Structure formats: C-alpha cells, structure tokens
Amino acid sequence: MKLPLTVTFSALACGLATHATADDATLDFGVPAWPGITVKTEIAQQLLEPLGYDTRRHDVGLQVIYQGLESGDVDVFLGGWMPAQREMFEPLEADGTIQSLANNVDGAQMTLAVPEYLYEQGIRSFADLDENRDRFDGKIHGFGAGSAASEILNAAIGDDAWGLGDWQLVDTSTVGMLGAARDAIEREEAIVWVGWTPHWMNLELPMRYLDDPEDLFGENNGESDVLTLMRGDYAESHPNLAEFFSQFAFSAEEQSWMIREYGQEERDVDDVASQWIRDNAERVEAMLADVTDRDGEPAWSTVRESLSL
C-alpha cells in the first residue's frame, strides 16, 4: 500500500523523521519541488505497490534530501543532476554512503538557449553573443540566484569568458525567466536564457541550444546525467529494489512530457503517472526484468495483472 507523506523542511533537517518512520520496511523517496522528479517518483510507487512494497514520499529541498540520504531518513532520490550537484554527491559517493544506480534520463542537457529565429540568423554559439550585445541589451536571463547555473554564469562574467565581462545576469525564477522568453518570442526580439532538457520549454518554445566549445556548463556542451541515488547499505540489503532502479529510466522527451502534463497542465500526478504506465507497457516490462515481487514471483506478471496492462 502506498503511503504518501509530506515532511516539512525543518522536520527532516532537524532529524525529527527518525528511523522509527524511515525504516527498512518502507522505501522512502526524497522529492524536491521539481515536476519531473515528482512524476517519476509516482511512477515508481505505482509499480512497486503491486509488488508488495510500502513507499513514502518526503517533499523537501535538495540539501535536506542529501542530508536524509546520509542520515538514513531517505532511501532513494531520482534527481541527482550531474555535474550541477557534484559537490553534494561526491563525498557521499566516495565513502559508500550512497550509490549511483543509473542515469535515469537519456539526453539531459543544460546550457544557454535562444529563440529558433536567432539561431537561424547565425547566433549559434556563445562566441556569437558579445558581438550582438546590443540586441540582447547585455542581459542573460537565469532562473534563480544560488542555482548551479547562476554560479556558472557569474563565474563566466567574472572571468570575461566569451567577452561576457560587461554582461548582466538577470536572475528571477523559472516562471519569470520563461515568461520573459515567451514574451520576447512573441515579439520576435532577442533573448538568451538558461535552458535545459528535460523540461516543457522544449515542447512549447521554438528554441535552440547554443554551442559552447569551452564547456562552461560541463562536458559535451552541458550534457548532464540525472542519477538514481540509493543509500549504500539499503542497496546492499535490498538487491531486488536496486535491480529495479538500475533499469528505471526515461528519455528527455518523455520527462519533458511529464513536466508539461503535471507542471503546466496541472493534471493530478497519479493520473500522469498511470497514463505513462498504460501507454508504455513494453517499457515497464523491461524495467521489471529480473525483478520479483515480495513473494519471489516475476514482477512483470504481478504488475501486468494488477494494473491490467
């Protein structure tokens, strides 16, 4: 039976979610306020429930999730975005506190984006920005101070990378940034912003990612992994679950759809998750290969019968 639970930031951060609640009998997910991670977590919960696993969701911030993985209050996190979270991830991975089981999004990327019409006009690289500074009013639009993207761009401005030394980073929020992008596109004006996939922006905005041979956002022009992280001791004591999560993965386009349906269209998360499961039975079967239910029976047979797939 699924047992969703919202835990406040202060409760988990102060250790009030103890092992009495975060025990080995219940699989505890850490979930930040990110639509894609929320939907993926719900999909995992809907697939694990027929197999006999109790699950629980903790809706808390990113730092608290890593604290929970370290303390044992969180067992699994489906949003280990790398390299952006490297400073939090590497120490815990190095000492075995957490294990990376899989990259659960194929094709993830974060870098600067422009409207498609600017790309077609020849603005295709970071190197093309400064020579068009006046068109952009010397502004790059970001989604929040303190984000990994903000730190990268502030460092680039400080180092005068690509001639950006006299540019300004306009940090607002994801909603504010994409609202500015949408408004500029409607007027066919110049704008450059921090783009990433998976996200609904890739489905709804005519946009292209700029080339960056210096890889300011990471290798291969901001190519990213979204890791499935599990507590090391939990993975060792629950090899069946570790096997499931090692095969639990999606394309960037699929997660962009999830983000749009849940985050933009405001559909119920359980409806979005159940639709994906119904529409992708073959994928679900692959995710459950060599996995069993709590009674040792093949997981796919159990899930197929329970969910009428």
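Because the structure is a prediction, the values reported are computed rather than measured.

Draft legend 1. How the structure looks around the pairing of strand 6 (residues 109–115). Most of strand 6 sits out of view: seven of its seven residues are buried. Two strands pair when backbone bridges link them, and strand 6 and strand 9 (residues 193–197) are joined in this way by five bridges, in the antiparallel orientation. Bridging across to strand 9, Leu-112 finds its partner in Val-194. Here strand 6 runs beside strand 10 (residues 207–209); their pairing, made up of three bridges, is antiparallel. Bridging across to strand 10, Ala-113 finds its partner in Tyr-209.

Draft legend 2. Summary view of the layout of surface pockets. If you add up the space inside the largest pocket, you get close to 1,500 Å³. Along the wall of the largest pocket there are 47 residues; nearest its centre are Trp-34, Trp-81, Ala-84, Met-110 and Phe-143. The element best represented in the lining of the largest pocket is helix 8 (residues 174–186), accounting for five residues. If you add up the space inside the second largest pocket, you get close to 160 Å³. When contributions to the lining of the second largest pocket are tallied by element, the ones reaching two or more residues are helix 6 (133–136), strand 7 (139–142) and helix 8. The greatest single-element share of the lining of the second largest pocket, amounting to three residues, is contributed by helix 8. Among the residues forming the lining of the second largest pocket, the class breakdown is six nonpolar, one polar and six charged.

Draft legend 3. Region of the structure containing the pairing of strand 1 (residues 26–31). Along strand 1, six of the six residues are buried, which leaves the element largely enclosed by surrounding structure. Here six bridges tie strand 1 to strand 2 (residues 54–59), and the two strands are oriented parallel to one another. Among the inter-strand pairings, Thr-26 is bridged to a residue of strand 2, identified as Asp-54. Following the backbone out of strand 1, through helix 2 (residues 35–48) and into the adjacent parallel strand 2, one traces a crossover that is right-handed. Of the strand pairs in this sheet, strand 1 and strand 3 (residues 76–82) are connected by two bridges, and their pairing is parallel. Among the inter-strand pairings, Phe-29 is bridged to a residue of strand 3, identified as Val-76.

The rules behind these values
Residues numbered from 1 in each chain as written. Predicted model: local features only at pLDDT ≥ 70, side-chain atom pairs only at ≥ 80, totals over all residues. Heavy atoms only, no water. Buried < 20%, exposed > 50% of the residue type's maximum accessible area, 1.4 Å probe, protein only. Helix = DSSP H or I, 4+ residues; strand = E, 2+ residues; numbered from the N terminus. Pairing = 2+ DSSP bridges. 1 Å grid on protein atoms, 1.4 Å probe; cavity = no way out; pocket = protein on both sides within 12 Å on 5 of 7 lines; lining within 4 Å. Points joined across faces, edges and corners; volume = space filled by probe spheres on them. Nonpolar A, V, L, I, M, F, W, Y, C, P; charged D, E, K, R; others polar. Right-handed = clockwise from strand over helix to strand, strands pointing away.

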